[in-house]
Amino acid sequence: MATGSFIEMFMTTFGWHLYEIVWGIISSTGLAYLPFFAVIIDNVIKPIESQEAKAAAVTSLRRLEIDIIRLIFMMILAVSPYMTIQFGAISYTKACQADTGTPGETIKAGNSGTRFDSIFKSNLLNNQEAKAPPWFYIVMSITGGINDAVIVRLPCEINMRQAAYEISSINIQNPHLKRQTERFVKECYKPAVADFYNERRQLPDEFEINDIDWPGSKYFNQNFYNSAYAKHQVPGFRFDKNRESDKAYVSKDKESATPEYGYPSCSEWWNSPQGIKAGLVDEFPAPLMHKITTWTAESSLEAENQAIRQMLKNEGPEMTKGLDISGNGKSSDLDRESFTDAIYDVGGAMIGTAGVWLAEVLIAPVTYAVTQMAPYVQATMLMTTYFLLPWVLIVGNYSWSTIKTATITIFAVKFWTSIWAVADFLDNKLAQVLSEASGNTGIMGFFDHQNQLMSSMIDIIMLGIYTAVPYYFLQMLGWAGEHGASAPTSASSNIADEGKNAGQKGSSLAENALTK
């Protein structure tokens, strides 16, 4: 039996465990036979009200025969749980491998590799087996197969949004490496930016316009970094009397101690095997590096540069800001004229994009919270449906219309998995368009500030697909007269609202921090 998520594997078993418990109580107390009494009473009273006694007796008998047989048949087919749901037979097939974008493997309950295995065990409820009525067992199996068929037909790719989220949360963990990087920014990168503006240098055409916006700038590596040196000793670089920067520290007094470490050039400090770039590459998770390489379709060197660039950006503006134009009274390496030029150069872009950037900051947490919470909402709704279904069937007198409504409801809620798979595919394609529109290839284009307005629009579209389309699908089923199938929408909307509220709280914190 196929399911749509890790949590649904275990909630399915748990829900039918509860169904069996409730049905056992209903059967042992005699409540299971209430529909029989209701049918007998209806078929005796209604004919008598409209016919003579003799004719009413014949009609009642004929109707009773039909209804009793119907009730027995429905109890056997769709009410009484006697088909065992084997714990290891419930499976979940990943649409795609997160790291490679290739079709995912099939995982079975109890062997999923998650913590659910140790919590939702096969003997969760006093060693009772989960059992379901044959009809609903078939419904779940068919619906799971339909979901798998839809998902398999969608192209399998690396999830760009998920990769972007993971990359945006990576920071430098090694405190010594972080300290060295901060030193490099202060002793090499900021002086390089100051020199670029003070001397009014022109960026050659072969370099991108934003090349100098980060410490690993190709332009600075080919120019300023070759003639600039560390101001203090750098661990990992031996003292070399032949190095130009180290000559100044060679003591004329032979008895004086030689410095423990050397003073490398900024280019050595950044590019050497024991340098900052190599350390940052080692810290960057290999699976994410593979994703960047796959998306960019460029050399590993370019992928490393993009990864490090975003990693430094995550550390905050001090790691990438070469100019101090905050007006906070701190000293700047720029003279007054260059400072004014810098204001005009970057001020307009900053003000123009601030609004949409703030909107993206506020919308993104809500979208992420809803998309991550959606499978849990779905699994919880299905578990609740299985748990409460016996009471619905009794109140409906085991009628076909009640069973039909329950069938369509279970199908519709399980089909949300296919809707969300299409949403993820669409989101991935829109993200690719967004990346290429910036002129950058791969995931890094996703972070381009020029794309914030479009990114906000995509977030809103995804939020709508994840929340509104399932509701719309259930309403569409109402067009065919199955109005009862839309009942889960209000409950699921309330649960989803909690996810939105959680995201909005995070957004509010971000907004307060940004507007202070």
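Residues numbered from 1 in each chain as written. Predicted model: local features only at pLDDT ≥ 70, side-chain atom pairs only at ≥ 80, totals over all residues. Heavy atoms only, no water.

A.B. asks: Which residues make up the overall build of the protein, and what values do they have?
C.D. replies: Looking only at helices and strands, one finds 18 helices and 5 strands in the protein. Counting every position in the protein, which comprises 516 residues, the buried fraction comes to 44%. When contacts within the protein are restricted to residue pairs at least 6 apart in sequence, those whose partners lie at least 24 apart make up 77%. Approximately 26,600 Å² of the protein is accessible, and the part contributed by carbon and sulfur atoms is 59%. (Helix = DSSP H or I, 4+ residues; strand = E, 2+ residues; numbered from the N terminus. Buried < 20%, exposed > 50% of the residue type's maximum accessible area, 1.4 Å probe, protein only. Contact = heavy atoms within 4.5 Å. Areas by Shrake-Rupley, 256 points an atom, 1.4 Å probe, with all protein chains shown as cover.)

A.B. asks: Describe in detail the state of the cysteines, supporting the description with residues and values.
C.D. replies: Covalent bonding between the sulfur atoms of two cysteines is what defines a disulfide. This structure, assessed with the given rule, holds 1 disulfide. Here C188 engages in a disulfide with C266; their sulfurs sit 2.0 Å apart. Residues C188 and C266 share a disulfide whose torsion about the S-S bond is about -85 degrees; that sign makes it left-handed. Taken as a pair, C188 in helix α7 (residues 175-198) and C266 in helix α11 (residues 266-271) lie far apart in primary sequence, 78 residues in all. Overall, the relative accessible area of 0% leaves C188 in the buried class. (Disulfide = S-S within 2.5 Å.)

A.B. asks: Give a description of the nonpolar core that names residues and reports values.
C.D. replies: A general trend in soluble globular proteins is that nonpolar side chains are found buried together. Counting 57 residues, the largest nonpolar core has W16, W23, F136 and Y398 as its most contacted members. Looking at this core, the elements with two or more residues in it are α1 (6-28), α2 (34-50), α3 (53-79), α5 (134-152), α15 (336-395), α16 (400-437) and α17 (452-479). It is α16 that contributes the most residues to this core, 11 residues altogether. Not counting the four nearest positions on each side in its chain, F136 is found in contact with W16, A78, L389, I403, A406, T407 and I410. Counting 38 residues, the second largest nonpolar core, distinct from the first, contains L177, F220, A230 and C266. (Core = buried A, V, L, I, M, F, W, Y, C linked by side-chain atoms within 4.5 Å.)

A.B. asks: Give me the lowdown on the confidence of the model for the protein, citing residues and values where you can.
C.D. replies: If pLDDT is low for a region, its predicted coordinates should not be looked at in detail. When pLDDT is averaged across the protein, the result is 77; 73% of the residues are at 70 or more. In the model, residues 502-507 has pLDDT below 50 throughout and makes 8 contacts with residues more than four positions away in sequence or in other chains. (pLDDT = per-residue confidence, 0-100.)

A.B. asks: Before we move on, can you summarise unusual backbone geometry with the specific residues and values?
C.D. replies: Unlike most non-glycine residues, R200 shows phi in positive territory, near 50 degrees. Within the secondary structure, R200 sits in the loop between α7 and α8 (218-222). A residue is classified by how much of its surface remains accessible, and R200, at 46% relative accessible area, is partly exposed. For Y398, which is not glycine, the phi torsion reads 55 degrees and is therefore positive. Take Y398: its relative accessible area is 0%, and that puts it in the buried class.

A.B. asks: How would you summarise the environment of G145 if you had to cite specific residues and measurements?
C.D. replies: Residue placement: G145 occurs in helix α5. On the basis of relative accessible area, G145 is assigned to the partly exposed category, the value being 36%. Residues G145 and A2 lie 143 residues apart in sequence; the distance between their C-alpha atoms is 6.4 Å.

A.B. asks: Please give an account of the packing of helix α12 (residues 276-283) against helix α14 (residues 300-314) that cites residues and values.
C.D. replies: Between two packed helices, both the angle of their axes relative to each other and the distance between the axes serve to describe the pair. In contact at an axis separation of 10 Å, α12 and α14 are set at 85 degrees when each is read in the N-to-C sense. Our classification of the angle between α12 and α14 gives roughly perpendicular. Contact residues: α12 offers K277, L280, V281 and E283, while α14 offers L301, E304, N305, I308, M311 and L312. Residues of the contact of α12 with α14, tallied by class, amount to 6 nonpolar, 1 polar and 3 charged. (Axes fitted to C-alpha atoms, helices over the stretch in contact; angles between N-to-C directions. Parallel < 35°, antiparallel > 145°, perpendicular 65-115°, else oblique. Nonpolar A, V, L, I, M, F, W, Y, C, P; charged D, E, K, R; others polar.)

A.B. asks: Which residues make up helix α6 (residues 160-168), and what values go with them?
C.D. replies: Looking at α6, one finds that the buried residues are M160, R161, A163, A164 and I167. The arc that holds the buried residues of α6, viewed along the axis, is 160 degrees, so those residues lie on one side. (Arc of directions from axis to C-beta.)

A.B. asks: For the packing of α7 against α12, give the residues involved together with the corresponding values.
C.D. replies: Where α7 contacts α12, the two axes come as close as 10 Å, and the packing angle between them is 140 degrees. It follows that α7 is oblique to α12 by the angle criterion. Crossing hand, α7 versus α12: left-handed. Across the interface between the two elements, L177, Q180, T181 and F184 of α7 pack against I276, G279, L280 and E283 of α12. Residue composition of the contact of α7 with α12, by class: 4 nonpolar, 3 polar and 1 charged. (Left-handed = near helix turned anticlockwise from the far one by under 90°.)

A.B. asks: Go over the pattern of salt bridges with me, naming the residues and quoting the values.
C.D. replies: Here the structure, examined in full by the defined rule, presents 6 salt bridges. One salt bridge in this structure joins R201 and D195, with 2.7 Å as the shortest N-O distance. When its relative accessible area of 38% is taken as the criterion, R201 is described as partly exposed. (Salt bridge = Lys/Arg side-chain N within 4 Å of Asp/Glu carboxyl O.)

A.B. asks: Please set out a nonpolar patch on the surface residue by residue, giving values where relevant.
C.D. replies: A surface patch of nonpolar side chains, about 1,100 Å² in accessible area, is lined by L31, Y33, L34, F37, I40, I41, V44, I45, I48, F387, L388 and W391. Mapped onto the nonpolar patch, the elements with two or more residues apiece are α2 and α15. Here the element with the most residues in the nonpolar patch is α2; it accounts for 7 residues. With respect to the element layout, L34 can be found in helix α2. (Patch = residues over 30% accessible without salt bridge, like charges linked within 9 Å, V, L, I, M, F, W, Y side chains within 5 Å.)

A.B. asks: Please give an account of the packing of aromatic side chains that cites residues and values.
C.D. replies: Any aromatic ring pair is given by two values, namely how distant the centres are and how the planes are angled relative to each other. Inspection of every chain in the model, using the stated rule, returns 21 aromatic pairs. Ring geometry for Y33 against F36: centres 6.3 Å apart, planes inclined by 45 degrees, an arrangement best described as tilted. Taking relative accessible area as the criterion, Y33 reaches 46% and is therefore assigned partly exposed. Here F411 and F415 contribute two aromatic rings whose centre-to-centre distance is 5.7 Å and whose plane-to-plane angle is 25 degrees, an arrangement assigned as stacked. With F411 and F415 both in helix α16 and 4 residues apart, this pair spans about one turn of that helix. An aromatic cluster of three or more residues is present, and its members are F184, Y189, F196, Y197, F207, W214, Y219, F220, Y225, W269 and W270. (Phe/Tyr/Trp six-rings, centres within 6.5 Å; stacked < 30°, edge-to-face > 60°.)

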